[in-house]
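Commentary on secondary and tertiary structure
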Amino acid sequence: MMSSLDPALALQKPVMTVAALHAAWSVADPAEKVRQTRLLRQAWLAGVCVLETPLPDAPPVQAPGRPARPERVPPSQLVPRRAGQPEGRVALIHALAHIEFNAINLALDAALRFADLGEDFVGDWLRVADEEALHFSLLRSHLQSLGQDYGDFPAHDGLWEMVVKTAHDPLVRMALVPRVLEARGLDVTPQIRARLEQAGDAASIAILDVIAQDEIGHVAIGNHWYAVLCARRGLAPLPTFQRLLREYDAPALRPPFNLPARAAAAFTAEELDWLASLPVPGRSP
Ligand SMILES: [Fe+2]
Ligand SMILES: [Fe+2]
């Protein structure tokens, strides 16, 4: 981890935030994307960043910087991620690293595409991007310690597809990315953790625990901005959310939900009651 602001960055006062976000978003090399993202957060916290006026146009959403590998395949072609077998466990860690790599781009994308929401919004999503960069780095280092690297297994692109579908409206983005996809991470983490525990993989568990704690904060940021944007538009949050899930063909919300983690991430009591009422697939309601 970097402990001090890069001297070159510190000298370039002030840092043009959206241009720097765009630069980090565009970088294909994972290590360089991590470096730029983490430096930019440091610069933000050091108070040397400004939001440009007027704001530059956001780039087309389809093409964030990412390496040629991993090969992108449909979910059916992925290596089975059974934590109990060495190859399956490495595939699982790779899949988590891929999610975190996409999550860096996702958070940078929110900050730069919707920068007109102001400094608080940009600061929140830059925090998310910085933490995703840490998560990716931890998982990649662990993969490397196991003789593999990011890119060695195929991966799928489901996360970014929803980013593309929601690029036109921050309310829709907040509804369907942090509140659906990242919140899904809160739900599945306890099961993944249990599988790694059975496999005796203490190193992976330590990383997963860092991620789980941070992800509560990411979902809370999504919930906060979703509520703010609904209030500004005079929309009722839960019915609007239910409508957007249908309109955008979002992945089904599947129990069991991690309701304590979702409560910690500021889902409302009304939302938690509704989630708790959803039927478990394969069981009658
Ligand atoms: Fe993460
Ligand atoms: Fe996240």
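Residues numbered from 1 in each chain as written. Chains lettered and ligands numbered in written order. Predicted model: local features only at pLDDT ≥ 70, side-chain atom pairs only at ≥ 80, totals over all residues. Heavy atoms only, no water.

**A few points about the coordination of the iron ion (ligand 1)**
For the iron ion (ligand 1), the protein coordination sphere consists of Glu 100 (OE), Glu 100 (OE), Glu 132 (OE), His 135 (ND1) and Glu 215 (OE), at 2.0 to 2.7 Å. Along the chain, the residues donating to the iron ion (ligand 1) are arranged with the sequence spacing E-x31-E-x2-H-x79-E. The distance between the iron ion (ligand 1) and the iron ion (ligand 2) is 3.6 Å, with Glu 132 acting as a donor to both metals. With Glu 100 in helix α4 (residues 86-113) and His 135 in helix α5 (residues 119-145), this pair connects stretches of sequence that are 35 residues apart. (Donors = N, O, S within 2.8 Å, 3.2 Å for Na, K, Ca; no water. Helix = DSSP H or I, 4+ residues; strand = E, 2+ residues; numbered from the N terminus.)

**Some points on the packing of helix α2 (residues 17-26) against helix α3 (residues 30-45)**
Taken N-terminus to C-terminus, the directions of α2 and α3 make an angle of 160 degrees; their axes are 8 Å apart at the nearest point. Taken as axis vectors, α2 and α3 run roughly antiparallel relative to one another. Regarding α2 and α3, the two cross each other, and that crossing is left-handed. Note on element contacts: α3 touches α2 through Lys 33, Gln 36, Thr 37, Leu 40 and Trp 44, opposite Thr 17, Ala 20, Leu 21, Ala 23, Ala 24, Trp 25 and Ser 26. Across the contact of α2 with α3, the residue classes tally to 7 nonpolar, 4 polar and 1 charged. (Axes fitted to C-alpha atoms, helices over the stretch in contact; angles between N-to-C directions. Parallel < 35°, antiparallel > 145°, perpendicular 65-115°, else oblique. Left-handed = near helix turned anticlockwise from the far one by under 90°. Contact = heavy atoms within 4.5 Å. Nonpolar A, V, L, I, M, F, W, Y, C, P; charged D, E, K, R; others polar.)

**Quick notes on the packing of aromatic side chains**
Scanning the model with the defined rule gives 8 aromatic pairs in all. Ring geometry for Phe 114 versus Phe 121: centroids 6.5 Å apart, planes at 80 degrees, classification edge-to-face. In this structure, Phe 114 and Phe 121 share a single accessibility class: buried. Centroid distance Phe 121 to Trp 225: 5.2 Å. Interplanar angle 80 degrees. Geometry classified as edge-to-face. Taken together, the positions of Phe 121 in helix α5 and Trp 225 in helix α8 (residues 202-233) put the pair 104 residues apart, joining distant regions of the chain. Following the ring pairs from residue to residue traces out a cluster consisting of Phe 114, Phe 121, Trp 125 and Trp 225. The ring of Phe 241 is capped by Arg 179, whose NZ or CZ atom sits 4.2 Å from the centre of that ring. The ring of Phe 267 carries the charged tip of Arg 262 above its face, separated from the ring centre by 5.0 Å. (Phe/Tyr/Trp six-rings, centres within 6.5 Å; stacked < 30°, edge-to-face > 60°. Buried < 20%, exposed > 50% of the residue type's maximum accessible area, 1.4 Å probe, protein only. Lys NZ or Arg CZ within 6 Å of the ring centre and 35° of its normal.)

**Describing the packing of α2 against α4**
Running from N to C, α2 and α4 point in directions that differ by 155 degrees, and their axes come no closer than 9 Å. With respect to their mutual orientation, α2 and α4 come out roughly antiparallel. Here the hand of the crossing between α2 and α4 comes out left-handed. Along the contact surface, α2 presents Val 18, Leu 21, His 22, Ala 24 and Trp 25, while α4 presents Asn 105, Leu 108, Asp 109, Ala 111, Leu 112 and Arg 113.

**Comments concerning the environment of His 218**
Following the sequence through the fold, His 218 ends up in helix α8. Residue classification places His 218 among the buried positions, given a relative accessible area of 0%. When the C-alpha atoms of His 218 and Ala 129 are compared, they prove to be 9.5 Å apart, with 89 residues separating the residues in sequence. Look past the residues within four positions of His 218 in its chain and what remains in contact with it is Val 128, Glu 131, Glu 132, His 135, Pro 178 and Glu 182.

**Focus on the coordination of the iron ion (ligand 2)**
Only Glu 132 (OE), Glu 182 (OE), Glu 215 (OE), Glu 215 (OE) and His 218 (ND1) from the protein reach the iron ion (ligand 2) as donors, at distances of 2.0 to 2.6 Å. Mapped onto the sequence, the donors of the iron ion (ligand 2) take the spacing E-x49-E-x32-E-x2-H. Given a relative accessible area of 0%, Glu 132 falls into the buried group. Here Glu 215 falls in the buried class, since its relative accessible area comes to 10%.

**Points about the environment of Asp 120**
With respect to the helices and strands, the residue Asp 120 is situated in helix α5. On the basis of relative accessibility, which here comes to 60%, the residue Asp 120 falls in the exposed class. With 82 residues separating them in the primary sequence, Asp 120 and Ala 202 have C-alpha atoms 37 Å apart.

**Section: the pattern of salt bridges**
Should the charged atoms of two oppositely charged side chains come close, the side chains can pair. Enumeration over the complete set of coordinates arrives at 17 salt bridges. Of the charged contacts, one joins Arg 89 and Asp 201 as a salt bridge, the two residues approaching to 2.8 Å between their closest N and O atoms. A residue pair is termed long-range when its members are at least 10 positions apart, and Arg 89 in helix α4 and Asp 201 in the loop between α7 (170-198) and α8 qualify at 112 residues. For the pair Arg 89 and Asp 201, one class covers both residues: buried. Residue Arg 127 pairs with Glu 131 through a salt bridge whose shortest N-O separation is 3.3 Å. On the criterion of helical spacing, the pair formed by Arg 127 and Glu 131 is a turn pair, its members being 4 residues apart in helix α5. A residue is classified by how much of its surface remains accessible, and Glu 131, at 14% relative accessible area, is buried. Several salt bridges share partner residues, and in doing so they unite Arg 38, Arg 41 and Asp 130 into one network. (Salt bridge = Lys/Arg side-chain N within 4 Å of Asp/Glu carboxyl O.)

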